[in-house]
Number of protein chains: 2
Amino acid sequence: MTNKDARTPASTQNATNSSSGEEAGKSIGWHKAYVAGSRPDLRVPVRQVHLTNGRSVTLYDTSGPYTDPEADTDVRRGLAPLRENWIVARGDTEEYAGRPVRPEDDGLKHTSPRGGLRNLDAVFPGRPRQPRRGRTGRAVTQLAYARQGEITPEMEFVALRENVAPEVVRDEIAAGRAVLPANVNHPEIEPMIIGKRFLVKVNANIGNSAVTSSIEEEVEKMTWATRWGADTVMDLSTGRNIHTTREWVLRNSPVPIGTVPLYQALEKVDGRAEELTWEIYKDTVIEQAEQGVDYMTVHAGVRLPYVPLTANRKTGIVSRGGSIMAAWCLAHHKESFLYENFEELCEILAAYDVTYSLGDGLRPGSIADANDEAQFAELRTLGELNRIARRFDVQTMIEGPGHVPMHKIKENIDLQQEICDEAPFYTLGPLTTDVAPAYDHITSGIGAAMIAWWGTAMLCYVTPKEHLGLPNRDDVKTGVITYKIAAHAADLAKGHPGAQEWDDALSDARFEFRWEDQFNLALDPDTAREFHDETLPAEPAKTAHFCSMCGPKFCSMKISQDIRREHGGNRAEIEEGMARKSLEFAATGNRVYLPIAED
Amino acid sequence: MTNKDARTPASTQNATNSSSGEEAGKSIGWHKAYVAGSRPDLRVPVRQVHLTNGRSVTLYDTSGPYTDPEADTDVRRGLAPLRENWIVARGDTEEYAGRPVRPEDDGLKHTSPRGGLRNLDAVFPGRPRQPRRGRTGRAVTQLAYARQGEITPEMEFVALRENVAPEVVRDEIAAGRAVLPANVNHPEIEPMIIGKRFLVKVNANIGNSAVTSSIEEEVEKMTWATRWGADTVMDLSTGRNIHTTREWVLRNSPVPIGTVPLYQALEKVDGRAEELTWEIYKDTVIEQAEQGVDYMTVHAGVRLPYVPLTANRKTGIVSRGGSIMAAWCLAHHKESFLYENFEELCEILAAYDVTYSLGDGLRPGSIADANDEAQFAELRTLGELNRIARRFDVQTMIEGPGHVPMHKIKENIDLQQEICDEAPFYTLGPLTTDVAPAYDHITSGIGAAMIAWWGTAMLCYVTPKEHLGLPNRDDVKTGVITYKIAAHAADLAKGHPGAQEWDDALSDARFEFRWEDQFNLALDPDTAREFHDETLPAEPAKTAHFCSMCGPKFCSMKISQDIRREHGGNRAEIEEGMARKSLEFAATGNRVYLPIAED
């Protein structure tokens, strides 16, 4: 998305000057820049691409301070708390001691020699901090502020980021059609918004598991994912050191972090679903809210009566959270403790501004199970829970499938929007076929682009390792890039203002053989340049008026340019004078395919 | 697509027994098998996947004799001429001397020391052959036969392959809604059909260029592409040895081969578009028809009055053939010689059963140019030419774009079907955004799946190197697999009979943790297995009741199975006895996540 309205370029210019330096700002390539807001501590990061024709294009940037040469980042110290002053200034929150961190928070036995940790310093070496929460009974959520007509600095930040008026941001949040996930305990984030009125967003999942991976790897995966364009990151860790891993990720993340508290709660009862209790779950939610988790997946829609609806499915229940809750319901033959205690949960989330991501625990796990009774029964319950959350001023989005053939995709978004009062839809894919393990980023990228075009607000990425293994660095990049493509294709199809200017800038560069500009404007400049150089490594090739696909004699762009040069792009003149022109054309020697030497 | 109707499994069984051996046929994994037709020389190749649960799944197979352990293939000798007896038996063709092969056919100077070649033996070491053509004035096309009510062996072959009645094949061809590309000089092919009523097909482009690549590479790319599922291959060579490369590709190809004769014609005039003549073009078409090219892209829709319509485009003309014809029209200020001589061209193609692929020389090359006046003006002319071709009994398909945002895709297929009397649509992508060079297999795979769902019959693949360089082996595989996904996703969305059985078989294997079956059923078994082993290399892991994504404690499939085991999948019983069941469930120790040791 590019900022091209009257206001933004100017302020971008200022930002560029006031940021990573004029030289950098003016040299060819892409650079970190900032759009200045109404106050000195409100600077919106953008990716500024300076072209060889003197123009520049401004793109949305999720990479955080890591790509700012002037920022001094240190993962052991964490990012600067950008939003702290804004939060404190509101005066509706208070710091407090917080619950003590216990060994089991990190999946360690109660008998662990390490014993209980007393404060976060031991978990994270960065500056010691106390958790913050709303003063008694007070909802400190962006939804509450929006309903009161307030435009918070966070709202102004996303307005500049999305190139819309702040009032639009406030009104979409107030209406429940958009969420701005921003826990008061995660002041490090650069605010972003999720809603169909705005750019389609992409989430990347990270997280260690019992099987493999480490804390450092997860933090690196998070910064890597945001570098390539992830708008939020979910930490789905399930092994040891869950608490510590999450703390490191949060303190270093410029984007909102989501989790599934149920995973950690299950670890605390050694994986025995039936031993889960509301108290253990609630304590885990508070633990994570105090750390700063911005949104939480809650599978409160998996109700006892729905479990039998999955009995005749081809692939049963494929959501981890959904299967855990189903196991609990069966073991006790009781209604879900998440459903029963949903209102109390709302009070907790409202006190930290944690956003609900109401999980689709009964989503289809195969083409055969798409759009079935179990799936839509749960969706209706999510609609009911969305209305309750709204009563408590808790921001809410709704999770969606899964595995769905193309002809059944639209029904998913249409039903969700109707049943959930247009709350933001957040879908996993959907995968449009089951037959391509190792390529599910593609089977799902197809469904993701379509459902986003039709109104889905955020897409949860799928990597090539889906169904097979844990994604490595390359898989994370492939997943993010694939989903950025799906999201941008949807922004184009929705006619999002400014979206096409990015495509136009790249196509202009392509037509004018500005190879370096093509690379710098590409979603993945490194790979585009590398692929080009594989066939035509020589530097001259970067200015050549042809590419290796067709070779010099067959370049269609070249002749199009000649047509334009001959006839000036004035159709009337072309038609009137074509005969005369054709003679001149002949006079030029009719060399429409100039050998590279001549350029 | 799987064969599951009453008839086919039986005949497949016979085929398996009569083919690559019972042992092979019965062992776990996938094997080449054949479906027996009504005559001994009519055996339809299939990919038979034998599962660990004793079942087997039959999949469409494009890989040719190369995957048959009993077939003895030698690229220097070429494939056996499967169809020769069928062609000869029709008695409507004759062998003749054919035009002499000249040095310029291989892009060599007239003064070349090599001098003129006198016959194909020097070009291809395989058995000497004379070209064949219809007896004077006789159209020897599958369209002509279908209109006469005849069901040819080729039609029976594709009927078995598509699992439909032969009459359906005949009627779709007769109506012009499908084509069966099969030049009488390409007897080596295994017949296939292109039409919306049938499985969506995928074409892979190969071809050396002035810049790089060799004959051996191109032949290897062709076999490699068909191994992964390419239904046809286009040889777009533009450098030297065009004639020889094509001969080697044709003699070794089990799938129809397409070309763009204009490329070779331009080579013959040293790349000077204005020096092209109808005679040179016609001679090149005959040269290629005698070799056995099954379908030819002809840019006869690029008319003089349309060239000015491209003057104000962002990316002008991006089709090589389109730009060549536009240059010729401008240089001479004359109507296109292809348009002017179209009827004579029809007579030539009818004599060899070469299928028209009417090229979209004015297709959009950027999101900005999609669905514009130039594009649709040409499409209307293609509709006119399609009706002329039909008068001459020449099979015809229509080529489509290109770069098109999602919301403008449907208009393309709807207009084409209306204007071209439902002739098969054959599209390149379309690419749904311009911003992702190096990932255009994905930007276009999205558009390809959608346009195929809406009725496109064949998809021309796009590789990751599109816009950047020449595809290598890996790029060809990635392009083909991506497009097989798009095609199958479309078959599912169209509700193609049997299409979903492939997905169901794989999802069953997934739910039952039959890892080997998942790999063997996968579109790309090698990569699926490799990705799994990266995280869980140990053999036991292949029978584990969990995968590395969630680890043993979090496997949702596991608990779904427990639910099913507990409640037998009988919902009534589940609802009635859930309370009682829940006690039994507790009695089992509630161990829903069994550690791997227990399995």
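Quantities reported herein were computed from a predicted structural model and do not represent experimental measurements.

Peer 1: Can you lay out the pattern of salt bridges for me, pointing to particular residues and giving the numbers?
Peer 2: Evaluated as defined, the whole model comprises 90 salt bridges over all chains. The shortest N-O distance in the salt bridge between A:Glu534 and B:Lys465 comes to 2.7 Å. Highlighted residues: A:Glu534 in helix 20 (residues 525-535) and B:Lys465 in the loop between strand 15 (458-460) and helix 17 (473-493), drawn from two different chains. Among the residues examined, A:Glu534 registers a relative accessible area of 43% and is labelled partly exposed. Take B:Lys465: its relative accessible area is 1%, and that puts it in the buried class. With its nearest N and O atoms 3.8 Å apart, the salt bridge here joins B:Arg135 to B:Glu94. Of this pair, B:Arg135 sits in the loop between strand 5 (132-134) and helix 4 (142-147) while B:Glu94 sits in strand 4 (residues 93-95); the two residues are 41 residues apart in sequence, bridging distant segments of the chain. For B:Glu94, a relative accessible area of 25% puts it in the partly exposed group. Connected through salt bridges with shared partners, the residues A:Arg99, A:Arg102, A:Glu104, A:Asp105, A:Arg246, A:Lys268, A:Asp283 and A:Glu287 form a single ionic network.

Peer 1: Run through the layout of surface pockets, naming residues and quoting values.
Peer 2: For the largest pocket, the calculated volume is near 900 Å³. Contributing to the lining of the largest pocket are 31 residues, with A:His441, A:Pro464, A:Thr478, B:Thr478 and B:Phe531 lying nearest its centre. If you tally residues by element for the lining of the largest pocket, the top one is helix 17 of chain B, at five residues. Of the residues that constitute the lining of the largest pocket, the class distribution is 10 nonpolar, nine polar and 12 charged.

Peer 1: So what's going on with the pairing of strand 12 (residues 355-358) of chain A? Which residues, and what values?
Peer 2: Residue and element names in this part refer to chain A. Neither face of strand 12 is left uncovered, since the one carrying Thr355 and Ser357 and the one carrying Tyr356 and Leu358 both have all their residues buried. In this sheet, strand 12 lies alongside strand 11 (residues 295-298) in parallel orientation, the contact comprising four bridges. Among the inter-strand pairings, Met296 is bridged to a residue of strand 12, identified as Tyr356. Bridging between strand 12 and strand 13 (residues 396-400) involves three bridges; their strand directions are parallel. The residue bridging Ser357 from the neighbouring strand is Met397, located in strand 13.

What counts as what
Residues numbered from 1 in each chain as written. Chains lettered and ligands numbered in written order. Predicted model: local features only at pLDDT ≥ 70, side-chain atom pairs only at ≥ 80, totals over all residues. Heavy atoms only, no water. Salt bridge = Lys/Arg side-chain N within 4 Å of Asp/Glu carboxyl O. Helix = DSSP H or I, 4+ residues; strand = E, 2+ residues; numbered from the N terminus. Buried < 20%, exposed > 50% of the residue type's maximum accessible area, 1.4 Å probe, protein only. 1 Å grid on protein atoms, 1.4 Å probe; cavity = no way out; pocket = protein on both sides within 12 Å on 5 of 7 lines; lining within 4 Å. Points joined across faces, edges and corners; volume = space filled by probe spheres on them. Nonpolar A, V, L, I, M, F, W, Y, C, P; charged D, E, K, R; others polar. Pairing = 2+ DSSP bridges.

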